[in-house]
Amino acid sequence: MIELLLPADVSSASTRAETVPDGALFPEEEALIARSVAKRRNDFATARACARRAMAGLGLPPVAVLHGHRGRPLWPAGIVGTLTHCVGYRAAALARATDVLSLGIDAEPHAPLPTGVRELVTLPAERERIGPPAPEGTGETHWDRILFSAKESVFKTWYPVTGVELDFAQADLTFHRTGSPGSGDGTQGPAAEGTFAARLLLTDPALPTTLHGRWRVEDDIVATAVLVRPDWRENDGL
């Protein structure tokens, strides 16, 4: 699903598998999760299996993907990339730095946010725009979950360029629906999809003040993606 949100010069790979065969990790990667619980190991390994498929799509040999501050993946020189994992879906997206300045992807289960989380990750204006939470099992679109995923994609795009962490209150998102929702829910049926704009309340000259992305809901999964080109100043008329 993630490949539907990204341009052709981004190589992406995804899986719904929860595990990968033994020996799929490089020794350096194994060392990073040697003491981790099974879920963490599975998330780590399946995401990196996707990363190596995405590397192949760019004509690159497979290499270990280690991590830096707060688990940010470290990519080969000249490559930008991003990973995501949730129950039932893992994905990676990579591009050459000559083509893409930064990108972020995220996947989440299409379900309401846990009680209390909605207020922590949204601004009052966002809550007004997306409306009240949709009850689980009603077949409605869970805009709070889409918003949460979109902010994760925004943050993954922002941090590698700026080195500064964004708070959830530092991006104000507006959503548009472009795809036909079919029965109205985008789950176990026709997909729902659209675009979003993230107005950054913390700015940095290395990135535009508004980031643009795409979202999609299909088969009980929310996926979002954000991408910034190296020539964004020229395209924005700056």
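Computed from a prediction, not measured in an experiment: that's the story for all the values here. (Residues numbered from 1 in each chain as written. Predicted model: local features only at pLDDT ≥ 70, side-chain atom pairs only at ≥ 80, totals over all residues. Heavy atoms only, no water.)

**Topic: a nonpolar patch on the surface**
Thought 1: Taken together, Leu32, Leu66 and Leu74 make up a surface patch of nonpolar side chains, about 210 Å² in accessible area.
Thought 2: Checked against the element boundaries, Leu74 lands in the loop between helix 2 (38-57) and strand 2 (79-86). (Patch = residues over 30% accessible without salt bridge, like charges linked within 9 Å, V, L, I, M, F, W, Y side chains within 5 Å. Areas by Shrake-Rupley, 256 points an atom, 1.4 Å probe, with all protein chains shown as cover. Salt bridge = Lys/Arg side-chain N within 4 Å of Asp/Glu carboxyl O. Helix = DSSP H or I, 4+ residues; strand = E, 2+ residues; numbered from the N terminus.)

**Structural notes on the sheet that holds strand 7 (residues 210-218)**
Thought 1: With antiparallel pairing, five strands are arranged side by side in an open sheet as 4-8-7-6-5. Two strands lie at the open edges of the sheet, namely strand 4 (102-109) and strand 5 (171-177), each paired on one side alone. Pairwise comparison of adjacent strand axes, ignoring direction, gives a mean angle of 20 degrees for this sheet.
Thought 2: Pairing between strand 4 and strand 8 (residues 221-228): eight bridges, direction antiparallel. Counterpart to Ser102 in the pairing with strand 8 is Val228.
Thought 3: In the packing of helix 5 (residues 143-162) onto the sheet, contacts are made with strand 4, strand 5, strand 6 (192-200), strand 7 and strand 8, and the angle to strand 4 comes to roughly 150 degrees. (Pairing = 2+ DSSP bridges. Axes fitted to C-alpha atoms, helices over the stretch in contact; angles between N-to-C directions. Contact = heavy atoms within 4.5 Å.)

**Quick look at the pairing of strand 7**
Thought 1: For strand 6 and strand 7, the ladder comprises eight bridges, and the chain directions are antiparallel. Paired with Ala192 across the two strands is Val217, which belongs to strand 7.
Thought 2: The pairing of strand 7 with strand 8 spans six bridges and is classified as antiparallel. Pairing of Arg216 across the sheet is with Ala223, part of strand 8.
Thought 3: With antiparallel pairing between neighbouring strands as the criterion, strand 7 and strand 8 make up a hairpin whose turn holds two residues, including Asp219 at a positive phi of roughly 50 degrees.

**Some thoughts on the sheet that holds strand 1 (residues 11-15)**
Thought 1: Strand order across the open sheet formed by three strands is 1-3-2, with antiparallel pairing between neighbours. Taken across any chain shown, the strands that pair with only one partner, and hence form the sheet edges, are strand 1 and strand 2. Mean inter-strand twist for the sheet, computed between neighbouring axes without regard to direction, equals 10 degrees.
Thought 2: On the sheet, helix 2 packs against strand 1, strand 2 and strand 3 (89-96) and is oriented at approximately 35 degrees with respect to strand 3.

**Quick word on the side chain of Glu108**
Thought 1: Note that Glu108 resides in strand 4.
Thought 2: Classification of Glu108 as buried rests on a relative accessible area of 11%.
Thought 3: In contact with Glu108, not counting residues within four places along its chain, are Cys86, Arg145, Phe148, Ser149, Asp220, Ile221 and Val222. (Buried < 20%, exposed > 50% of the residue type's maximum accessible area, 1.4 Å probe, protein only.)

**Brief notes about helix 5**
Thought 1: For helix 5, with 20 residues, the first-to-last C-alpha span of 28 Å sits near the 28 Å given by 1.5 Å per residue.
Thought 2: Most of helix 5 sits inside the fold, with 16 of its 20 residues counted as buried.
Thought 3: Of the residues flanking the end of helix 5, it is Gly163, one or two places downstream, whose phi is positive at about 70 degrees. (Expected span 1.5 Å × (residues − 1).)

**Quick look at the nonpolar core**
Thought 1: Ranked by internal contacts, the top residues of the largest apolar core, which has 25 residues, are Val154, Phe175, Phe196 and Trp215.
Thought 2: For this core, the leading source of residues is helix 5, giving eight residues.
Thought 3: With sequence-adjacent residues up to four places away left out, Val154 is seen in contact with Leu166, Phe196, Ala198, Leu200, Leu211 and Val226. (Core = buried A, V, L, I, M, F, W, Y, C linked by side-chain atoms within 4.5 Å.)

**A few points about helix 2**
One turn of the α-helix equals 3.6 residues, which is why residues spaced by three or four share an orientation.
Thought 1: A rise of 1.5 Å per residue sets the reference length of helix 2, with its 20 residues, at 28 Å; its end C-alpha atoms lie 29 Å apart and thus fit the reference within 8%.
Thought 2: Those residues of helix 2 hidden inside the fold are in contact with strand 1, helix 1 (27-32), strand 2 and strand 3.
Thought 3: Phi turns positive, to about 75 degrees, at Gly59, one or two residues after helix 2.

**So, the environment of Phe44**
Thought 1: Relative to the helices and strands, Phe44 resides in helix 2.
Thought 2: Each C-alpha atom, one on Phe44 and one on Leu32, is 9.6 Å from the other, the two residues being twelve residues apart in sequence.
Thought 3: Once residues lying within four places of it in the same chain are set aside, the contact partners of Phe44 are Leu25, Glu29, Leu32, Ile33, Val65 and His67.

**As for the packing of aromatic side chains**
Thought 1: Scanning the entire structure with this criterion turns up five aromatic pairs.
Thought 2: Between Phe175 and Phe196 the ring centres are 5.7 Å apart and the planes differ by 45 degrees, which places this aromatic pair in the tilted class. Remark: Phe196 occurs in strand 6 and Phe175 occurs in strand 5; sequence separation between them is 21 residues.
Thought 3: Classification of Phe175 by relative accessible area gives buried; the value is 15%.
Thought 4: Of the residues examined, Phe196 reaches a relative accessible area of 2% and is grouped as buried.
Thought 5: Through a chain of ring-to-ring contacts, three or more aromatic side chains come together here, namely Trp143, Phe175, Phe196 and Trp215.
Thought 6: The cationic tip of Arg48 hangs over the ring face of Phe44; the distance from NZ or CZ to the ring centre is 3.6 Å. (Phe/Tyr/Trp six-rings, centres within 6.5 Å; stacked < 30°, edge-to-face > 60°. Lys NZ or Arg CZ within 6 Å of the ring centre and 35° of its normal.)

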